[in-house]
Amino acid sequence: MGVSKVLTGNYAVANAVKLAKVQVVAAYPITPQTTIVEKIAQFVENGELNAKYIRVESEHSAMAACIGASATGARAFTATSSHGLMYMSEVVWWAGLGKFPMVMAVVTRALAPPWSIWSEHNDVLAHRDCGWIIFFAEDNQEVLDLTIQSFRISEDEKVLQPVMVTLDAFILSHTATPVSIPNQSDVDGYLPPPGSRRLPFILDPANPLTHGNLAYPRNFMEFRYEIERSMGNARRIIVEAGREYGKITGRYYDSLIEPYRCSDADAVLICMGSSAGDAKDAVDILRDEGYNIGAVKLRTIRPFPYEELRDICRNKRIIGVVDRDYSFGFGGIMHGEIKSALSDLHIPVQGFIAGLGGRDIRVEDFIQMGRKLYHIIESGVGEFPPIWINLRREVFR
Amino acid sequence: MSISIRDLPLEEYVLLGNAACPGCPASIGLRMLGKALEGKFILVVPACCTSIIQGPYPKSAIKVPVLNIAFAASAATASGIRAGFEALGKKDVQVVVWAGDGGTADIGIQALSGAAERNENIIYICYDNEAYMNTGIQRSSATPYGAWTTTTWRGKTEFKKNVPLIMAAHRVPYVATASIAYPLDFIAKVRKAAKINGFKYIHLHAPCPTGWRFPSDKTIEVGRLAVLTGMWVLYEIENGVFRLTGVSKSLLDKSKRKPIEDYLKLQGRFSKISDEQIDLLKRHVDELWMEYKHLMESG
Ligand SMILES: Cc1ncc(C[n+]2csc(CCOP(=O)(O)OP(=O)(O)O)c2C)c(N)n1
Ligand code: SF4
Ligand SMILES: [Mg+2]
């Protein structure tokens, strides 16, 4: 069953990369991701991880190098955050649209200006649509577990898409908590041997193929549909990978979402990432106060947990969505997505905007949001425009 | 260096029916590259004319594995391919970047410099048609002074960026220039590069009939005149040692060079160049040769 160590989220990623026997790492530092690539560099230099480590001159090159490595069939990994992800963006799309299996850890961080190094989800959500499977981790254990599972999912022949594991800046990346680390031999049995997967496209002079040349409109749409099919398959493969992972660790991940005290609830708060734990604590407190409330954590946002959410939300009286992100002139990004997924169920879906640029989302804040949902039910007014939690309104007077 | 055309494989690696313009220097260069390495390599192609020359999916006119990649990313992608092959224990596969001057001298120079500084074991070839041809003949930093492009209607006001010397400043094991008009010189350099461990950079002059405005049967003639007038110089820098190659060896003495007007007058892109501009261009060429002479002597 492995050993337990006290690890930051970033070191949990590095340990997962080591256990997965990644073969090529190409990375560039950025706060708060830096300690991931520092730790991996140490593993490689100590001989604990037998990988080629390319110390590239930018994130754009980090992702380009991972694409090159993936095209040979090697297991590739990179990590970044915020501005690094945006700088990399062109080739993040290339990796997803070109179906290059790999894993990337993204430490969520707000974009500037003004400069901020704290968590926000807009960096990741700007890459919603580019063919990556996207996980949000709640705690450091999940960070390690999802990173290991991601290699299996990404390299599954029914998927062959890159996978992003995201963890919130500082709250996870730099906070040390006990993490159970599986045995190397168990992980070896769980993942395919590195470099063993059969890609439909692989660089081999004995069998020349061209990847990515011009496609006229009559051929193009099928490339896109193929990715959508992979995403469809991924729903099943993710659950399978999570179940199999449970067999070696006792920690089962068998859904794209994690519901908490939802079955008899009238109201459900939906969130993702590190705040899920506080949401659950708030649910316990509200339940003690007599509120029939539950919480749902989204573990993936791509593929979007459409059926799972609909099943959970079907008989509820109200849903609240907590976004640590914002689309200006629209509202919370996940709020929009979830509302559209539930549209025919005719349930009010209230948006909350919280925690931008790393502002704390405390248990009390979730309690307030829960109570607000009940006010809305009782007053029968439907829903309000997105409510900004702990906004210092006096600034605007 | 003594390669004969008879030693080259008959096999073609750039197939008929590709989408190049008639007289295209890029396809000529690629054809030679294929023969030089006998098809045993991986080609990395950023956005450029060669993205089109390959022809559209589901076919490809290039008979070696091609990984197309974003405009700025070719040197980094090749680094990743090299690392992947090494990790998989396949050490004998050549990885070759084939990029335009825009993808090299401008948008790709950061990744190129990074790969050179890391001394990645790859061959990077820039085919230099001296503008962004794919997008319709816009100036690049490799466009020569005085040349018309669709973003320099009155002629470019800056001089050509000297990328081979920038690469030499990285102290990589091998830097060379070449021209598609001198195939054996180019092939010898590719073959030499293939034997060297570490980063190899070859800058291939590639006169483009479409962009430079000359008839499509004059590609080789224009290429030769570039070298014979001294506007383009054939050399190599091996482990820091500079050496002129081919016909350029005999052109250090200025009186042996043809007047650069012979070169300019064949090309529509220089049709409006003034006498003063030509004088400036001549002075620039003389300065370049002085620099090469100095490099030769400092050895
Ligand atoms: C990031 C990005 N910016 C712009 C373009 C558009 N673009 C495609 S090819 C090209 C010019 C290529 O010029 P060069 O590298 O000299 O190659 P050539 O077309 O001359 O062969 C440009 C500007 C692009 N594909 N990607
Ligand atoms: S524009 Fe020039 S380089 Fe491009 S395909 Fe045509 S001839 Fe070749
Ligand atoms: Mg060009």
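Data block above holds the structure.
Here we come to the overall build of chain B. Assigned secondary structure in chain B consists of 11 helices and 8 strands. The globule rule puts the C-alpha radius of gyration for 299 residues at 19 Å, and the 18 Å found for chain B is close to it. Principal-axis analysis of the C-alpha atoms places the extent of chain B at approximately 60 × 45 × 40 Å. Out of the 299 residues belonging to chain B, those deemed buried represent 59%. Within chain B, residue pairs in contact and separated by at least 24 positions form 69% of the contacts whose partners lie at least 6 positions apart. Accessible surface, chain B as shown: approximately 11800 Å² in total, 55% of it carbon and sulfur. Distance between charge centroids for chain B: 4 Å, based on 36 positive and 28 negative side chains.

Let's shift gears to helix α10 (residues 306–313) of chain A. Residues and elements named next belong to chain A. Regarding α10, the residues found buried are Leu309, Arg310 and Cys313. Summarising the axial view, the buried residues of α10 lie within an arc of 100°, below the 170-degree limit, and thus occupy one face. On its buried face, α10 sits against β10 (257–260), β11 (267–271), β12 (293–298), β14 (318–323) and α11 (333–341).

Residues and elements named next belong to chain A. An order of β3-β2-β4-β5-β7-β6-β13 is seen for the 7 strands of this open sheet, with the pairing classed as mixed. The outermost strands of the open sheet, each flanked by one partner alone, are β3 (52–54) and β13 (300–302). With strand direction ignored, the average angle separating the axes of adjacent strands in the sheet is 20°. Here strand β6 (residues 133–136) runs beside β13; their pairing, made up of 2 bridges, is antiparallel. What sits directly across from Ile134, in β13, is Arg302. The strands touched by helix α6 (residues 140–155) within the sheet are β4 (76–81), β5 (103–108), β6 and β7 (163–168), with β7 carrying the most contacts at an inclination of about 170°. Packing against the sheet, helix α8 (residues 217–249) makes contact with β6 and β13, and its axis sits at approximately 40° to β6.

In the region of ligand 2, the neighbouring residues are B:Cys21, B:Cys24, B:Pro25, B:Cys49, B:Asn129, B:Met133, B:Cys208, B:Pro209 and B:Thr210. The residue makeup of the shell around ligand 2, split by class, is 7 nonpolar, 2 polar and no charged.

Attention shifts here to the site of ligand 1. The environment of ligand 1 is made up of 17 residues, and the closest members are B:Asp101, B:Gly102, B:Gly103, B:Tyr127 and B:Asn134. The environment of ligand 1 is shared, with nearby residues belonging to chains A and B. Here an oxygen atom of ligand 1 sits 2.7 Å away from a polar atom, N or O, in the side chain of B:Tyr127. The contact in question runs from an oxygen atom of ligand 1 to an N or O atom on the backbone of B:Ala131, over 2.9 Å. Considering ligand 1 on its own, with 580 Å² of exposed area, one finds that the protein chains cover 77% of that surface. When residues in the shell around ligand 1 are grouped by element, the largest group, 3 residues, is from helix α4 (residues 101–106) of chain B.

What counts, and where the lines are drawn
Position labels on residues start from 1 in each chain and follow its written sequence. Chain letters start at A and ligand numbers start at 1, both assigned in the order the entries are written. The predicted nature of this model means local features are confined to residues of pLDDT at least 70 and side-chain atom pairs, given and counted, to a pLDDT of 80 or more, with totals for whole chains, interfaces and linings taken over all residues. By convention in this description, side-chain values take in all heavy atoms of the structure and omit both hydrogens and water. Each helix corresponds to a stretch of at least 4 residues labelled H or I by DSSP, and each strand to a stretch of at least 2 residues labelled E; elements are numbered beginning at the N terminus. In this setup the radius of gyration rests on C-alpha atoms only. A globule is expected at 2.2 Å times the number of residues raised to 0.38. For the exposure calls, accessible area comes from a 1.4 Å probe over protein chains only, and a residue counts as buried if that area is under 20% of its type's maximum, exposed if over 50%, partly exposed in between. Two residues form a contact once any of their heavy atoms are found within 4.5 Å. We get accessible surface area from the Shrake-Rupley algorithm with a probe of 1.4 Å; when it comes to residues, only the shown protein chains can shield them. Charged residues are defined here as Lys and Arg on the positive side and Asp and Glu on the negative side; His and the ends of the chain fall outside this count. By convention, the point assigned to a charge is CZ for Arg, NZ for Lys, CD for Glu and CG for Asp. The directions from the helix axis to the C-beta atoms are what the arc is built from. Note on pairing: two strands pair once DSSP finds at least 2 bridges between them. Lines fitted to C-alpha atoms define the axes, with helix axes restricted to the stretch in contact, and inter-axis angles between N-to-C directions lie between 0 and 180 degrees. Each residue is tested against the molecule or strand, and it is near if at least one of its non-hydrogen atoms lies within 4 Å. In this count, Pro and Cys sit with the nonpolar residues alongside Ala, Val, Leu, Ile, Met, Phe, Trp and Tyr, while Asp, Glu, Lys and Arg are called charged and the others, Gly among them, polar. Under this definition, polar contacts are N or O atom pairs within 3.5 Å; protein pairs additionally need one hydrogen-donor-capable and one acceptor-capable atom, and for neighbouring residues in sequence, both atoms have to be side-chain atoms.

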